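Chain residues, written in single-letter form:
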Amino acid sequence: MANTSYGQFCPVAMAAEVLCTRWTIVLVRELAAGSTRFNDLRRGVPRMSPALLSQRLKDLESAGVVHRTPVALESGVFEYRLTRAGQELAPVVEAFGVWGKRWIDGELSLEKLDVQLLMWDMRRGLILDPMPDRKAVVQFRYSDLPADRRSWWLVVEPGIETELCSVDPGADVNLYASTDLRTMTAIWMGYDTVTDAIAARRLILTGDDDLADSIESWLGLSPFAKTEPVQTPLSVFQSA
């Protein structure tokens, strides 16, 4: 898969040759989370170039970790799914995340803000059961971001996959959530709570009272949000 080799027979070294190239384990995270199409994968790794994403998918396919299949009636469109070997990496990815949440200073994580990744994660993390049995549109407005990245919409409709929009979808908004990117990321990651953010006016909800009152039941959190950090995180990581 890679042009270089550790030159060791150890299974750890052999696995590292497949998984430890740049972006690979993060891409496996996206596949394990359920993204199957190229554009959806891109939304989960927005800082990864399309060319590199394409190459990593080819590498993983060659290694037997990913299986590519054409989509019926959509010429040139493919779906990428983990093979049995790839599926066995799910607990490895989870262990990476748990270790990172426990041992890496949360302040360093909150210096690496990415609104596109956050909203994509929030979209797939939504808990639909507590939401009303009707179409609901929630607009998140990040006051600290430039105008072209400030507003994001989640369009939730029964029986239809939740849609994430960075351009006004033209539908009536049921709930407005005004905040800053750091606060919302901290809530998603479990470093902050909706209750505390509202009390401190770092999160302001306007609109449908039922949606606002129940936000903590339908706004999903990161799978690692409940992982408790150690009291003294590693100091070797730099913010640069």
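Computed from a predicted model, the values in this text were never measured in an experiment.

S.K.: I would appreciate a short explanation of the pattern of salt bridges in the present structure.
M.R.: Side-chain pairing between opposite charges can occur once the charged atoms of the two side chains come close. Applying the stated criterion across every chain, the model contains 14 salt bridges. Measuring nitrogen to oxygen at the nearest pair gives 2.9 Å for the salt bridge that ties R29 to E30. Using a relative accessible area of 0% as the deciding quantity, one classes E30 as buried. Between R68 and E61 there is a salt bridge, with its nearest N and O atoms 3.9 Å apart. On the basis of relative accessibility, which here comes to 35%, the residue R68 falls in the partly exposed class. Residues participating in the shared-partner salt-bridge network are R29, E30, D121 and R124.

S.K.: What's the story with the environment of T83 in this structure? I'm lost.
M.R.: Within the element layout of this structure, T83 appears in the loop between β2 (78-82) and α5 (84-87). Between the C-alpha atom of T83 and that of R68, which follows or precedes it by 15 residues, the distance is 9.6 Å. For T83, the contacting residues outside a window of four places in its chain are G64, V65, V66 and H67.

S.K.: Hey, could you run me through the layout of surface pockets in this one?
M.R.: Any space left empty among the atoms is revealed by the rolling of a water-sized probe across them. In this model, the largest pocket occupies a volume close to 1,800 Å³. Lining the largest pocket we find 42 residues, and of these V26, R29, L117, M189 and F224 sit closest to its centre. Counting only elements with at least two residues in the lining of the largest pocket, the list comes to α2 (24-32), α6 (90-103), α7 (106-109), α8 (115-125) and α10 (181-189). At eight residues, α6 tops the list of elements feeding residues into the lining of the largest pocket. Of the residues belonging to the lining of the largest pocket, the class tally is 24 nonpolar, eight polar and 10 charged.

S.K.: Explanation requested: the side chain of E30 in the structure shown.
M.R.: Checked against the element boundaries, E30 lands in helix α2. Polar side-chain contacts of E30 include one of 2.9 Å to the side chain of R29. Excluding anything up to four places from it in sequence, E30 contacts S35, L41, G44, V45, W120 and R124.

S.K.: Just checking my understanding: could you explain the sheet that holds strand β4 (residues 151-157) for this structure?
M.R.: Strand pairs in the sheet, formed through backbone hydrogen bonds, run parallel or antiparallel to each other. A sheet is described by the order of its strands in space; here five strands give the open sequence β5-β4-β3-β6-β7, paired in mixed fashion. On the outer flanks of this sheet lie β5 (160-165) and β7 (203-207), each paired with one strand and no other. Taken over all neighbouring pairs, the strand axes of this sheet differ in orientation by 15 degrees on average, direction set aside. The sheet contact formed by β4 and β5 spans four bridges and is antiparallel. Counterpart to W153 in the pairing with β5 is C165. On top of the sheet, α8 reaches β3 (136-142), β4 and β5; it is set at about 155 degrees to β3, its chief contact.

Procedures and definitions
- Residues numbered from 1 in each chain as written.
- Predicted model: local features only at pLDDT ≥ 70, side-chain atom pairs only at ≥ 80, totals over all residues.
- Heavy atoms only, no water.
- Salt bridge = Lys/Arg side-chain N within 4 Å of Asp/Glu carboxyl O.
- Buried < 20%, exposed > 50% of the residue type's maximum accessible area, 1.4 Å probe, protein only.
- Helix = DSSP H or I, 4+ residues; strand = E, 2+ residues; numbered from the N terminus.
- Contact = heavy atoms within 4.5 Å.
- 1 Å grid on protein atoms, 1.4 Å probe; cavity = no way out; pocket = protein on both sides within 12 Å on 5 of 7 lines; lining within 4 Å.
- Points joined across faces, edges and corners; volume = space filled by probe spheres on them.
- Nonpolar A, V, L, I, M, F, W, Y, C, P; charged D, E, K, R; others polar.
- Polar contact = N/O pair within 3.5 Å; in protein donor to acceptor, adjacent residues only side chain to side chain.
- Pairing = 2+ DSSP bridges.
- Axes fitted to C-alpha atoms, helices over the stretch in contact; angles between N-to-C directions.

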